[in-house]
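Letter by letter, the chains look like this.
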Amino acid sequence: AGGGGIGSTVTPLTYQIGGRLVSASAAAGDVALVAQAGNAEIGRIFASGNASLTARGGSILGYLPGVAIAATSIRLDASGDVGSASAALGLQSASTGSVTGQIGGRAWLAAPTTAGQAPSALRLGDLAATAGVAAIADGAIEVLGNLRSSQGGVSLTGATIAMAGGSQISASLNPVRIEVADHKAVPASGTRNLRESCLVHQIGQGQLLREVNLESV
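Scoring rules and cut-offs
Residues numbered from 1 in each chain as written. Predicted model: local features only at pLDDT ≥ 70, side-chain atom pairs only at ≥ 80, totals over all residues. Heavy atoms only, no water. Helix = DSSP H or I, 4+ residues; strand = E, 2+ residues; numbered from the N terminus. Buried < 20%, exposed > 50% of the residue type's maximum accessible area, 1.4 Å probe, protein only. Contact = heavy atoms within 4.5 Å. Areas by Shrake-Rupley, 256 points an atom, 1.4 Å probe, with all protein chains shown as cover. Phe/Tyr/Trp six-rings, centres within 6.5 Å; stacked < 30°, edge-to-face > 60°. Lys NZ or Arg CZ within 6 Å of the ring centre and 35° of its normal. Pairing = 2+ DSSP bridges. Core = buried A, V, L, I, M, F, W, Y, C linked by side-chain atoms within 4.5 Å. Polar contact = N/O pair within 3.5 Å; in protein donor to acceptor, adjacent residues only side chain to side chain. Salt bridge = Lys/Arg side-chain N within 4 Å of Asp/Glu carboxyl O. pLDDT = per-residue confidence, 0-100.

To continue, consider the overall build of the chain. Of the regular secondary structure elements, the chain holds 0 helices and 22 strands. For the chain, with 217 residues in total, the buried portion stands at 47%. Taking as baseline every contact in the chain between residues at least 6 positions apart, the subset at least 24 positions apart corresponds to 34%. If you sum the accessible surface of the chain, you get close to 9800 Å²; carbon and sulfur atoms cover 50% of it.

Looking now at the packing of aromatic side chains. For the structure on display, the rule yields 0 aromatic pairs. Note that R20 overlies the ring of Y63, its terminal NZ or CZ placed 4.1 Å from the centroid.

Burial of strand β10 (residues 99-103) is extensive: 4 of the 5 residues sit out of reach of the surface. Pairing analysis gives 5 bridges linking strand β8 (residues 74-78) to β10, with the strands arranged parallel. Considered in β10, the bridge of A78 is made with I103. Note: β10 against strand β12 (residues 122-129), 4 bridges, orientation parallel. Bridge assignment links V99 to a residue of β12, and that residue is L124.

Among the nonpolar cores identified, the biggest contains 48 residues, and L53, I69, L76, L109, L124 and L156 are the most heavily contacted of them. Contact partners of L109, with chain neighbours within four places excluded, come to L76, V82, A88, L89, L91, L122, L124, L127, A134, A135 and I136.

Mapped onto the elements of the fold, D77 is located in strand β8. In the structure, D77 is positioned 25 residues away from S52 in sequence and 8.0 Å away in space, judged by C-alpha atoms. Contact partners of D77, with chain neighbours within four places excluded, come to L53, T54, A55, I60, G101 and Q102. A polar side-chain atom of D77 sits 3.0 Å from the main-chain amide nitrogen of Q102.

So, on to the pattern of salt bridges. Summed over the entire model, instances satisfying the criterion amount to 3 salt bridges. Among the salt bridges present, the one from E142 reaches R123, with a minimum N-O distance of 2.6 Å. Linking E142 in strand β14 (residues 140-143) with R123 in strand β12, this pair joins segments that are 19 residues apart in sequence. With a relative accessible area of 15%, R123 lands in the buried category.

The next point concerns the environment of L13. As for its position among the elements, L13 is in strand β1 (residues 13-15). Once residues within four sequence positions are removed from consideration, L13 is found in contact with I6, G7, A32, L33 and V34.

Per-residue pLDDT for the chain has a mean of 84; in total, 81% of the residues score no lower than 70. Note that pLDDT drops below 50 for residues 183-217; the model gives that stretch 74 contacts with residues more than four away or on any other chain.

So, in structure tokens, the structure goes:
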């Protein structure tokens with residue numbers, strides 16, 4: 001859509017095709033798509049505004065390497081998984097945006113580096129994945145909202161990990177795993193490095209099972 005958006009938050013474009021969605025691009029607006037049935041298997045989605053993708057009856061999968069969705073902010077909703085263990089979904093949001101969503105299965109997310117550019121950050125807002133979250137970034141991972149899994153674990157791997165004030169990582173009866181390449185890196189403005197007394201929660205049966213001060217990790 002050269003002159004505008006594709007769908008909107010109020011009225012997303014619903015589609016049903018027998019194969020892959022090769023590309024969707026909005027140079028001057030948002031992209032809001034809903035896969036009516038089955039998996040939403042995508043090549044490239046780009047929006048100068050925000051992008052949202054919903055798979056009502058399946059998973060959201062990328063079939064090309066690199067960034068699958070690039071937009072200011074990205075919303076992912078699926079009854080199944082997002083990405084896979086062998087091919088995490090490549091995402092690129094703006095420095096003012098984030099990735100949010102409600103995922104019925106497990107989420108594998110990545111922020112791969114584009115050739116010729118600095119390492120990309122993965123900015124996670126309010127994101128819930130029932131069966132677990134695994135996120136990896138060549139640059140920083142910034143947790144800006146509530147990152148939750150009710151039946152799985154949470155794994156974050158990045159050059160630096162930072163949490164905004166009031167944000168939370170929680171997993172039920174499963175581990176929260178943090179891997180940081182540079183423990184001394186300065187976090188983004190308005191955030192705190194995870195090794196500066198931020199707390200990660202493991203929650204089960206509605207109660208706090210463990211509270212971890214990551215200074216001691």
